[in-house]
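# Chains, contacts and geometry: an overview
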Amino acid sequence: MSTAPNRRAVAVILLIPLMVTLALWAFAWPAARIAPRDLPVGVAGPASVAQQLEQRFEQRDGAFDVHRFDDEAAARTAIEDRTVYGAVVVTPQGPHLLTASAASPVVSQLLREAVTASTPEGTPVRVTDVVAPPPGDPRGSALGASVLPLALAGMAAGAAVTLMGLRGARAAVALVGSAALVGLSATAVAHGWLGAIAGDWWTEAGVLALTVLAIGSAVAGLAALFGPRGIGLGALLMVLLGNPFSGVTSAPELLPEPVGVIGQWLPPGAGGSLLRSVAFFDGSAAGGAVLTLSLWALFGLAAVLSARPGPTSAEPAGPVREPALTG
């Protein structure tokens, strides 16, 4: 009796539960441990009163990274520049909370609860949403849901290039072309049809295309370096880790450490952050995400372009031996 089929059956029995356990850990653990961790917030107003409010934030050790501003105008500018997620302005009428639900609806709600809990009972808390999401997606759900389709599109492009045997310039052109078309079609849906993003149309298309290119070229590059196993490694990085670690549905600063940081080093997290910047904040704080995506794309394309071409159906893999002639 052959042992090879038995070994494969045992491998399936063991690997499937292992993969499910890993997926549950990657997706469920960060979601179950959401809490502020050095979350950038601002405080503005008279020094004596603002200092008391700052101390209340700092009582939750490690939860908030408090920035001081001279007045409301400075706090608003910091929110629009994505320096802080929100700010509390101390006024004679009570605290005035400035939020940016376009940056993170979860953080906006968290700040409302924190400020309300820290003020005397009965004191009104005025809330102003400085950067709100567009009417087409008032809860910011569509942007959060976009990360997984982009990761799958990049995975599909990288795997298809590998399995179809494309190498060198042909592979690079296929990756760039498919990413560009995904960027255009995804922007047409998210911006033109759903109204879920509200920045410059072509800039958003470029961001989505760069995200898909970074993922697809990374997968194809890993496959060029490590063979078919590279596709599995790409799926692990881009889908199993990149999607739940992206922080797009909450915020990187709400995820357990160092998950939030790792997520921003991977294309899904960097792409989600960059899309938020160009869609709602006129490109503020976009430099790091652009660099991350560009490095992944360049790494993958370089690996694909340097891969040795394999044999095709029109080119025999080795020399053809002439049949012997018989007399």
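Residues numbered from 1 in each chain as written. Predicted model: local features only at pLDDT ≥ 70, side-chain atom pairs only at ≥ 80, totals over all residues. Heavy atoms only, no water.

So, about helix α6 (residues 147–163). The terminal C-alpha atoms of α6 lie 24 Å apart, and with 17 residues this matches the ideal 24 Å at 1.5 Å per residue to within 8%. Turning to α6, its buried residues are Val147, Leu150, Ala151, Gly154, Met155, Ala157, Gly158, Ala159, Val161 and Thr162. Following α6 by one or two positions, Gly165 adopts a phi angle in the positive range, close to 75 degrees. (Helix = DSSP H or I, 4+ residues; strand = E, 2+ residues; numbered from the N terminus. Expected span 1.5 Å × (residues − 1). Buried < 20%, exposed > 50% of the residue type's maximum accessible area, 1.4 Å probe, protein only.)

So, on to the packing of helix α8 (residues 201–226) against helix α11 (residues 267–280). For the pair α8 and α11, interaxial distance at closest approach is 10 Å and the crossing angle is 175 degrees. It follows that α8 is roughly antiparallel to α11 by the angle criterion. Contact with α8, carried on its side by Thr203, Glu204, Val207, Leu208, Thr211, Ala214 and Ile215, involves Pro267, Pro268, Gly271, Leu274, Leu275, Val278 and Ala279 of α11 and no other residues of that element. (Axes fitted to C-alpha atoms, helices over the stretch in contact; angles between N-to-C directions. Parallel < 35°, antiparallel > 145°, perpendicular 65-115°, else oblique. Contact = heavy atoms within 4.5 Å.)

Moving on to the packing of helix α7 (residues 168–193) against helix α12 (residues 287–306). For the pair α7 and α12, the least separation of the axes is 7 Å and the interaxial angle reads 150 degrees. Accordingly, the angle class assigned to the pair α7 and α12 is roughly antiparallel. Like other packed secondary-structure pairs, α7 and α12 cross with a definite hand, here right-handed. Facing α7, whose interface residues are Gly168, Ala169, Ala171, Ala172 and Leu175, α12 presents Leu301, Val304 and Leu305. (Left-handed = near helix turned anticlockwise from the far one by under 90°.)

Within the secondary structure, Ser246 sits in the loop between α9 (229–241) and α10 (259–265). According to the relative accessible area criterion, Ser246 is buried, its value standing at 5%. Within the structure, the side chain of Ser246 is placed 2.8 Å from the backbone oxygen of Asn243, a separation counted as a polar contact. Each residue touching Ser246, except ones within four places of it in the same chain, is listed here: Val147, Pro252, Gln264, Pro268 and Gly269. (Polar contact = N/O pair within 3.5 Å; in protein donor to acceptor, adjacent residues only side chain to side chain.)

Turning to the pattern of salt bridges, a few remarks are in order. Applying the stated criterion to the full structure yields 2 salt bridges. A salt bridge links Arg68 to Glu54, with the shortest nitrogen-to-oxygen separation between them at 3.0 Å. Of the two residues, Arg68 is situated in strand β2 (residues 64–69) and Glu54 in helix α2 (residues 47–58); the sequence distance between them amounts to 14 residues. For Glu54, a relative accessible area of 14% corresponds to the buried category. In this structure, Glu72 engages Arg76 in a salt bridge whose closest nitrogen and oxygen atoms are separated by 3.0 Å. With Glu72 and Arg76 both in helix α3 (residues 72–80) and 4 residues apart, this pair spans about one turn of that helix. For Glu72, a relative accessible area of 26% gives the class partly exposed. Since its relative accessible area comes to 27%, Arg76 is described here as partly exposed. (Salt bridge = Lys/Arg side-chain N within 4 Å of Asp/Glu carboxyl O.)

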